Amino acid sequence: MSVIVVGAGPTGLMLAGDLAAAGVPVTVLEKRSMESNLTRAFGVHARTLEILDMRGCAEALVPQGYPVGKFRSHMGRGDLSLSFRHPESRFPFVLIVPQARTEALLLRRAEELGAKIEVGTEVTGLRQDADGVTLEVNGAPGPTADYVVACDGAHSRVRALLNVGFTGRNYKTKLLLADIRTSAQMQEAINGLMGRDGAILFPAFGDGWYRAVIWDRAQQDVPMDAPLGIDEVLESVRRVSGKDIDIAEMRWSTRFLTERRQADRYRVGRVFLAGDAAHVNSPMGSLGMNTGIQDAANLAWKLTAAHRGWAPEWLLDSYHTERHPVGQTALRISDLLLKSAVAPPAVQLIRPYVARMVLATPPITRFLRRTVAGMNISYPPPPGLPRSSATGSRVDDCELIVDGRRVRLYELIKPDRFLLVDHSEDGASAAAVADWSDRITAVANRGQQPSRRYTAMLLRPDGYLAWSHRSPSPDQVRAAVAHWCGATRNSRQASSV
Ligand SMILES: Cc1cc2nc3c(=O)[nH]c(=O)nc-3n(C[C@H](O)[C@H](O)[C@H](O)COP(=O)(O)OP(=O)(O)OC[C@H]3O[C@@H](n4cnc5c(N)ncnc54)[C@H](O)[C@@H]3O)c2cc1C
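Treat the numbers as computed from the prediction; the structure is a model and nothing was measured.

Asker: Tell me about the side chain of aspartate 335, and name the residues and values.
Answerer: Examined against the element boundaries, aspartate 335 turns out to sit in helix H8 (residues 318-341). Overall, the relative accessible area of 8% leaves aspartate 335 in the buried class. With sequence-adjacent residues up to four places away left out, aspartate 335 is seen in contact with Arg169, Tyr171 and Arg260.

See below:
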């Protein structure tokens, strides 16, 4: 079985890396022949870092960025802040890092693991039947594959070829985006300035460079194709912030008309949509790239299961069931953030009071912090498996003791295998899944248990809880495992005799 990934952005590269790590033959077709020089996304949230940690990549990315622990906003009546200091994570911050660095890391990983990356190849046509998918590339007959994943961005050609609706709307709000160097002293935070004439977000890259995301009420009639120079950015920054901020240098800028759209279906037969091809939202909340990378982590192990022949029938469909609502939430959050930034004057009057009230309520700030960071994502149980309280949710990293060795839980999570953590005295749950050893790593843990409530926990390859039990019998363990991981090789052979 083979997979073709269309598009070598962060989503496609993450997917290709996970598939290659699992030994699935994977080729990435990318129409660009040059590296993109765009900064685009600037924030990597805690949950994405956790997933990259499970893939052994976070250690390399974090030193390349600037960890920021809070969002701080000035709304004319003092400062308000929202903390990103997640006590439940090894990554209690948003990592501010240019998208190009995240992409470079994911590209290196995918290539090292054996993914083929073919640049200068634009997918122009697609045909699929029950046996596979055939692509047209640069207008000529192209390769075939068992599955194709469209990671070809907001204007996805594959999505259009599939006739999948991209429901939503364009915002009228024009934003200016610029990477600038300034000597202005700003706090170590994502700084937001909201005034009567507009709003600015200033995430710091930590080396004197800042991304400026500017909504300037006075610039809304400027045509989108008008060049955007340093003088216009400086004027907007000063007008909106009311401060005498200098701009020593500008390395990138663009006008940006943002959209809020989502693909109606994430799967059509043997073709899947992921990343911006499946959902686009405003830059507020920095959710686009994060959601795309997590789409990839969700889909990769399901395609791997199909490749190895043990995917239950519903597994590939669960990609849409699980990820479509997550995309919807990302659209809603960034919509809310954009609307509060570009609020009309009447709303601006009450905005500081409402914001102060909201941010003074700990359960709300916890919810906001975790939702923006992706820590609240939780998936419904698959068909036929009853929901236990924690099924589908994220599990905190913790230190296990396995065979006398200390090891972090996240280090044990691999892109192509489930993980069964057994905390019982006799290790009976770990022993019960011996027949699935080609797809499950089972460990008897003598260290900290990820949840005190359960002695047996089954984790998916993307780090979410598949199943857990307080003290299961071996048969209960086997039933849960068979539900997720299919019949064992032995039982399939036996039933075909
Ligand atoms: C100007 C701008 C600013 C942004 N700012 C932010 C931000 O501040 N925060 C944030 O979170 N997000 C931001 N985003 C969005 C973020 O960049 C995307 O969410 C992210 O890049 C999505 O990754 P992706 O891999 O899904 O798609 P992309 O990064 O768009 O990658 C798609 C790839 O597919 C290739 N491709 C397209 N068509 C074909 C084809 N037919 N055949 C072969 N290859 C093809 C493209 O060349 C590209 O390399 C911004 C986007 C833009 C455009």
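We are not done yet, so read on.
Asker: Just give me the short version of the site of the ligand, but keep the residues and values in it.
Answerer: Close to the ligand lie 32 residues; Glu30, Arg32, Arg40, Gln99 and Asp276 are nearest. A distance of 3.2 Å is found between a nitrogen atom of the ligand and a side-chain nitrogen or oxygen belonging to serine 286. Within the complex, the protein chains bury 90% of what would otherwise be the 990 Å² of accessible surface of the ligand. Listing elements by their share of the shell around the ligand, those giving two or more residues are helix H1 (10-21), strand E2 (26-30), strand E17 (249-263) and helix H7 (288-308). A per-class count over the shell around the ligand returns 13 nonpolar, ten polar and nine charged.

Asker: Before we move on, could you go through the packing of helix H2 (residues 46-54) against H7 and cite the residues and values that matter?
Answerer: Two numbers describe how H2 lies on H7: the axes approach to 9 Å, and their chain directions differ by 35°. The hand of the H2/H7 crossing is left-handed. Listed contacts from H7 to Arg47, Thr48 and Ile51 of H2 are Asn290, Ile293, Gln294 and Ala297.

Asker: Go over the nonpolar core, please, and point to the residues and values.
Answerer: By size, the foremost hydrophobic cluster in this structure holds 84 residues, and its most contacted members are Leu15, Val149, Leu303 and Leu409. Here the element with the most residues in this core is H7; it accounts for seven residues. Not counting residues within four places of it along the chain, the set of residues in contact with valine 149 comprises Val3, Ile4, Val5, Val6, Leu15, Phe272, Ala274, Leu299 and Leu303.

Asker: Break down the sheet that holds strand E19 (residues 271-273) for me, citing the residues and quoting the values.
Answerer: What the six strands build is an open sheet, ordered E8-E2-E1-E12-E19-E18; its pairing is mixed. The sheet is open, and its two edges are formed by strand E8 (116-119) and strand E18 (267-268), each paired on a single side.

Asker: Help me get a handle on the packing of H1 against helix H4 (residues 99-112), residues and values and all.
Answerer: A pair of packed helices can be characterised by two numbers: the angle between their axes and the separation between those axes. One way to put it is that H1 packs onto H4 with a least axis distance of 8 Å and a crossing angle of 25°. Here H1 is positioned roughly parallel relative to H4, judged by the angle of their axes. For the pair H1 and H4, the crossing hand works out as left-handed. From H1, Pro10, Leu13, Met14, Ala16, Gly17, Asp18 and Ala20 reach across to H4, where they touch Gln99, Glu103, Leu106, Leu107, Arg109 and Ala110. Here the residues of the contact of H1 with H4 sort into eight nonpolar, two polar and three charged.

Asker: Describe H4, and please don't skip the residues or the numbers.
Answerer: Side chains of residues three or four places apart in an α-helix project in the same direction, reflecting 3.6 residues per turn. Taking 1.5 Å of rise per residue, the 14 residues of H4 would be expected to cover 20 Å, and the 20 Å separating its terminal C-alpha atoms lies within 8% of that figure. When we look at burial in H4, the residues that qualify are Gln99, Thr102, Glu103, Leu105, Leu106, Arg109 and Ala110. One side of H4 carries all its buried residues, which in axial view fall inside an arc of 160°. For H4, the secondary structure elements touched by its buried residues are H1, strand E3 (43-44), H2, helix H3 (58-61) and H7. Positive phi appears at glycine 114, one or two residues downstream of H4, with a value of about 110°.

Asker: Can you lay out H7 for me, pointing to particular residues and giving the numbers?
Answerer: Between the first and last C-alpha of H7 there are 31 Å, a value that for 21 residues agrees with the 30 Å anticipated at 1.5 Å per step. Glycine 309 sits one or two residues past H7 and shows a positive phi near 85°.

Cut-offs applied
- Residues numbered from 1 in each chain as written.
- Predicted model: local features only at pLDDT ≥ 70, side-chain atom pairs only at ≥ 80, totals over all residues.
- Heavy atoms only, no water.
- Helix = DSSP H or I, 4+ residues; strand = E, 2+ residues; numbered from the N terminus.
- Buried < 20%, exposed > 50% of the residue type's maximum accessible area, 1.4 Å probe, protein only.
- Contact = heavy atoms within 4.5 Å.
- Near = heavy atom within 4 Å.
- Polar contact = N/O pair within 3.5 Å; in protein donor to acceptor, adjacent residues only side chain to side chain.
- Areas by Shrake-Rupley, 256 points an atom, 1.4 Å probe, with all protein chains shown as cover.
- Nonpolar A, V, L, I, M, F, W, Y, C, P; charged D, E, K, R; others polar.
- Axes fitted to C-alpha atoms, helices over the stretch in contact; angles between N-to-C directions.
- Left-handed = near helix turned anticlockwise from the far one by under 90°.
- Core = buried A, V, L, I, M, F, W, Y, C linked by side-chain atoms within 4.5 Å.
- Pairing = 2+ DSSP bridges.
- Parallel < 35°, antiparallel > 145°, perpendicular 65-115°, else oblique.
- Expected span 1.5 Å × (residues − 1).
- Arc of directions from axis to C-beta.

From the geometry alone we can't say anything about function, so treat these as descriptive.
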